[in-house]
Amino acid sequence: MKATAGELMDTQYDTLKPDLPLGEAVRAFRRASTKGRKIFGMMVTDDTGQLIGMLSMYDILLYMRPKHIHIWGDMDDIDVKGIMDMACEKAKSVRVGDIMTTEVVTTTPSSHILRVMDLMIKKHIRRLPVLENGQIRGIIYISDLFYDLLERLSHEGTTQ
């Protein structure tokens, strides 16, 4: 069973660049999702490969969400399709670096998975970059953490 972030992390990952248009980033999410897992967030790196941010579906949805939606009520009398079309058109000029999260929580390969679990739960994080000496080594998805736990639980039940 896995005990550290280095044992649990995925070393096959895609990254985005900060100057990439949002539409291209969404297409990159789709391409990355064809590898057997749906990807809803990616690390953003500079030209030297250094981690500078994360872009997630939450960042995109937050940007697309109309500013005053909380006062719209049931929206029965609002042209929602038109608003969404306008928001999508506006988003075409947005770059990844404009809306990415820049305060990225990371861990190291030697971190115990209980520490990883604690970080992900407390910070509401679904993906956690694994860095060693400032270099990206991998990424841990909350689903990997959960499936590792399921594996532990199923093995534990068979040994009693």
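So, here is what we can say about the structure in this document. Because the structure is predicted, anything quoted here is derived from the model rather than measured. (Residues numbered from 1 in each chain as written. Predicted model: local features only at pLDDT ≥ 70, side-chain atom pairs only at ≥ 80, totals over all residues. Heavy atoms only, no water.)

1. Some details on the environment of Arg65
By the secondary structure assignment, Arg65 is in the loop between helix H3 (57-64) and helix H4 (80-91). Sequence separation between Arg65 and Ile83 is 18 residues, and the spatial gap between their C-alpha atoms is 9.8 Å. (Helix = DSSP H or I, 4+ residues; strand = E, 2+ residues; numbered from the N terminus.)

2. Re the nonpolar core
Of all hydrophobic cores here, the largest spans 25 residues; its most connected members are Leu16, Leu22, Met42, Leu55, Ile60 and Val96. Looking at this core, the elements that each hand over two or more residues are helix H2 (22-33), strand E2 (41-45), strand E3 (51-56), H3, H4, helix H5 (96-99) and strand E5 (135-141). Among residues more than four places away in sequence, those in contact with Leu22 are Leu55, Ile60, Ala91, Val94 and Ile99. Listed in part, the 12 residues of the second largest apolar core include Val116, Leu119, Ile125 and Leu145. (Core = buried A, V, L, I, M, F, W, Y, C linked by side-chain atoms within 4.5 Å. Buried < 20%, exposed > 50% of the residue type's maximum accessible area, 1.4 Å probe, protein only. Contact = heavy atoms within 4.5 Å.)

3. Re the pattern of salt bridges
Inspection of the entire model under this criterion finds 6 salt bridges. Here Lys92 and Glu89 are joined by a salt bridge, their closest N and O atoms 3.3 Å apart. Overall, the relative accessible area of 56% leaves Lys92 in the exposed class. Note that Arg137 is salt-bridged to Glu132, the shortest N-O span being 3.3 Å. Here Arg137 falls in the partly exposed class, since its relative accessible area comes to 36%. (Salt bridge = Lys/Arg side-chain N within 4 Å of Asp/Glu carboxyl O.)

4. With respect to helix H6 (residues 113-123)
Burial in H6 covers these residues: Ile113, Val116, Leu119 and Met120. Mapping the buried residues of H6 onto a view down its axis gives an arc of 115 degrees, with all of them on the same face. Away from its buried face, by an angle of more than 90 degrees, H6 presents the exposed residues Leu114, Ile121 and Lys122. His124 lies just past H6 and shows a positive phi near 55 degrees. (Arc of directions from axis to C-beta.)

5. Section: H2
For H2, which comprises 12 residues, the first-to-last C-alpha distance of 17 Å matches the rise-based estimate of 16 Å (1.5 Å per residue) to within 8%. The complete set of buried residues in H2 reads Leu22, Ala25, Ala28, Phe29 and Ala32. All buried residues of H2 project into a common sector of 105 degrees when viewed along the axis, lining one side. Exposed side chains of H2 directed beyond 90 degrees from the buried face belong to Arg30 and Arg31. (Expected span 1.5 Å × (residues − 1).)

6. Brief notes about the side chain of Ser56
On the secondary structure map, Ser56 appears in strand E3. When neighbours within four sequence positions are excluded, Ser56 is seen to be in contact with Phe29, Phe40, Gly41 and Arg127.

7. Side note on unusual backbone geometry
Even without a glycine there, the phi angle at His124 is positive, about 55 degrees. Inspection of the secondary structure assignment puts His124 in the loop between H6 and strand E4 (127-132). You will see that Asn133, though not glycine, has its phi angle at about 55 degrees, which is positive. Residue placement: Asn133 occurs in the loop between E4 and E5. Judged by its relative accessible area of 76%, Asn133 falls in the exposed class.

8. Details of the environment of Asp47
Turning to its location among the elements, Asp47 is positioned in the loop between E2 and E3. When the C-alpha positions of Asp47 and Pro18 are compared, they lie 9.5 Å apart, and in sequence the two are 29 residues distant.

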